[in-house]
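# Analysis of the macromolecular model
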Amino acid sequence: MKPLPFYKKVNIFTKASDEARKFSRRLKNWLNSYAIESNVFENLAELENEKNLKGTDLLLVVGGDGSLLIATRRVARFNIPVLGINLGRLGFLTELNEYDAFEKLEDILSKPLCISRRMMLRAILYRNGKKILEADVLNDVVVNKAILARIVDVAVYVGDTYITTYNGDGIIISTPNGSTGYALSAGGPIVYPMMEIFLVVPICPHTLTDRPLILPTLEPIKIKLVAEEKDAWLTLDGQEGTQLQYGDEIIVKQSPYFAHLVRVPYKNYFDILRDKLDWK
């Protein structure tokens, strides 16, 4: 086959399932037939290895939105564009599906990539004044109660300015990209994904006047767990959880890194919303 002119190395990160592995092998062989170097990564250690990613023009993620979130967080610091191929159910972030991926990839790889830059969050957990966790996320930082806990109380600040104490099931700090995720289920608004703002959404608040907030990224958001004997967790992008203790502080600020998601040029964001949310 005739080589595609723009890309020399396109790597693949695959979900850990037989279906995804089989599809990824087909994808690797197809890329090789166009004289494009390709490697399939099946675990995060391979994906986070800078040597493996050196010279990568594009990372294809085979799976669903969860797989794309995992991969994007790991490669954002390398400014590698990411394109998702959906084997999952919903697919707000994945652009292609397994049925037409090869046809559309041939078109996408024949020209410069159409890239959408998305802001990320950096979450830092302090306990007794000591930093015990720091991570960058694409969608959201969530503080919520454990299954058997009655309620969780969190005080929220912008910089050093106190806003309020939310009493309920928890709180979501979301990027615009994450506004169609957990934040949407909790009653938050849909925010255009290329904006740069914080979205603060209480989860089932005890006080019905506690409403979602949209805030600028000029100052970090601080969350303090203020009630004793409450079982609460910090969850990052719905995938990594850490149990919290009374007095813990979580600082959420804009990450210095951005996700670079490859978009299909002929499909805009509102096409995706109409399709996924069944808008007419």
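These notes cover the structure that comes with them.

The final tally for this structure, using the stated rule, is 17 salt bridges. Between Glu42 and Arg21 there is a salt bridge whose closest N-O contact spans 2.9 Å. A residue pair is termed long-range when its members are at least 10 positions apart, and Glu42 in the loop between β2 (40-41) and α2 (44-47) and Arg21 in helix α1 (residues 18-33) qualify at 21 residues. Counted as one network, the salt bridges with shared partners bring together Glu48, Arg73, Arg74, Asp237 and Glu240.

Assignment of secondary structure puts Thr14 in strand β1 (residues 10-14). One polar contact links Thr14 to Ser24, side chain to side chain, over a distance of 3.1 Å. Ignoring sequence-local partners within four residues, the contact set of Thr14 consists of Ala20, Arg21, Ser24, Val40, Phe41, Glu42 and Val62.

So, on to the packing of aromatic side chains. Applying the stated criterion across every chain yields a total of seven aromatic pairs. Aromatic pair Tyr269 and Phe270: ring centres 5.8 Å apart, planes at 65°, arrangement edge-to-face. By relative accessible area, which is 13% here, Tyr269 ends up buried. Residue classification places Phe270 among the partly exposed residues on the basis of a relative accessible area of 43%.

Moving on, we get to the environment of Gly241. Among the secondary structure elements, Gly241 is positioned in strand β16 (residues 240-243). With 99 residues separating them along the chain, Gly241 and Val142 place their C-alpha atoms 9.3 Å apart. Among all residues touching Gly241, those that are not within four sequence positions of it are Trp233, Leu234 and Thr235.

It is worth spelling out a nonpolar patch on the surface at this point. Together, Tyr192, Met194, Met195 and Phe270 give the surface a local cluster of nonpolar side chains, amounting to about 380 Å² of exposed area. If you trace the backbone, Tyr192 turns up in the loop between α6 (182-185) and β12 (198-203).

With that settled, the discussion passes to helix α4 (residues 65-75). Taken across its eleven residues, α4 has nine buried, putting it largely inside the fold. Listing the buried residues of α4 in full gives Asp65, Ser67, Leu68, Leu69, Ala71, Thr72, Arg73, Arg74 and Val75.

Take Asp65: it is sitting in helix α4. In this structure Asp65 comes out as buried when scored by relative accessible area, which is 19%. Here the side chain of Asp65 touches Thr94 through a polar contact of 3.2 Å, landing on its backbone nitrogen. Those residues within four positions of Asp65 in sequence are excluded, and the remaining contacts are Gly91, Phe92, Leu93 and Thr94.

All right, on to the pairing of strand β10 (residues 161-168) then. Bridge count for strand β9 (residues 152-158) against β10 is seven bridges, and the pairing is antiparallel. Along β10, the bridge assignment pairs Val152 with Gly168. Where β9 folds back on β10, the antiparallel hairpin that results is connected by two residues, among which Gly159 adopts a positive phi of roughly 60°.

Quick look at the sheet that holds strand β8 (residues 140-145) now. Each strand in a sheet pairs with another by means of backbone hydrogen bonds, the pair being arranged parallel or else antiparallel. Spatial strand order, β13-β12-β11-β8-β15-β16: six strands in an open sheet with antiparallel pairing. Among the strands making up the open sheet, the edge pair consists of β13 (213-215) and β16. Taken over all neighbouring pairs, the strand axes of this sheet differ in orientation by 20° on average, direction set aside. Sheet analysis places strand β11 (residues 170-174) next to β12, joined by five bridges and oriented antiparallel. Counted as the bridge partner of Ile171 is Pro202 from β12.

Close contact between α1 and helix α5 (residues 101-108) brings their axes to 12 Å; oriented N to C, the two are set at 35°. In the crossing of α1 with α5, the sense of the turn from one axis to the other is right-handed. Counted together, Phe23, Arg26, Leu27 and Trp30 of α1 and Ala101, Phe102, Leu105 and Glu106 of α5 form the full contact between these two elements. In terms of residue class, the contact of α1 with α5 is built from six nonpolar, no polar and two charged.

Definitions and cut-offs
Residues numbered from 1 in each chain as written. Predicted model: local features only at pLDDT ≥ 70, side-chain atom pairs only at ≥ 80, totals over all residues. Heavy atoms only, no water. Salt bridge = Lys/Arg side-chain N within 4 Å of Asp/Glu carboxyl O. Helix = DSSP H or I, 4+ residues; strand = E, 2+ residues; numbered from the N terminus. Polar contact = N/O pair within 3.5 Å; in protein donor to acceptor, adjacent residues only side chain to side chain. Contact = heavy atoms within 4.5 Å. Phe/Tyr/Trp six-rings, centres within 6.5 Å; stacked < 30°, edge-to-face > 60°. Buried < 20%, exposed > 50% of the residue type's maximum accessible area, 1.4 Å probe, protein only. Patch = residues over 30% accessible without salt bridge, like charges linked within 9 Å, V, L, I, M, F, W, Y side chains within 5 Å. Areas by Shrake-Rupley, 256 points an atom, 1.4 Å probe, with all protein chains shown as cover. Pairing = 2+ DSSP bridges. Axes fitted to C-alpha atoms, helices over the stretch in contact; angles between N-to-C directions. Left-handed = near helix turned anticlockwise from the far one by under 90°. Nonpolar A, V, L, I, M, F, W, Y, C, P; charged D, E, K, R; others polar.

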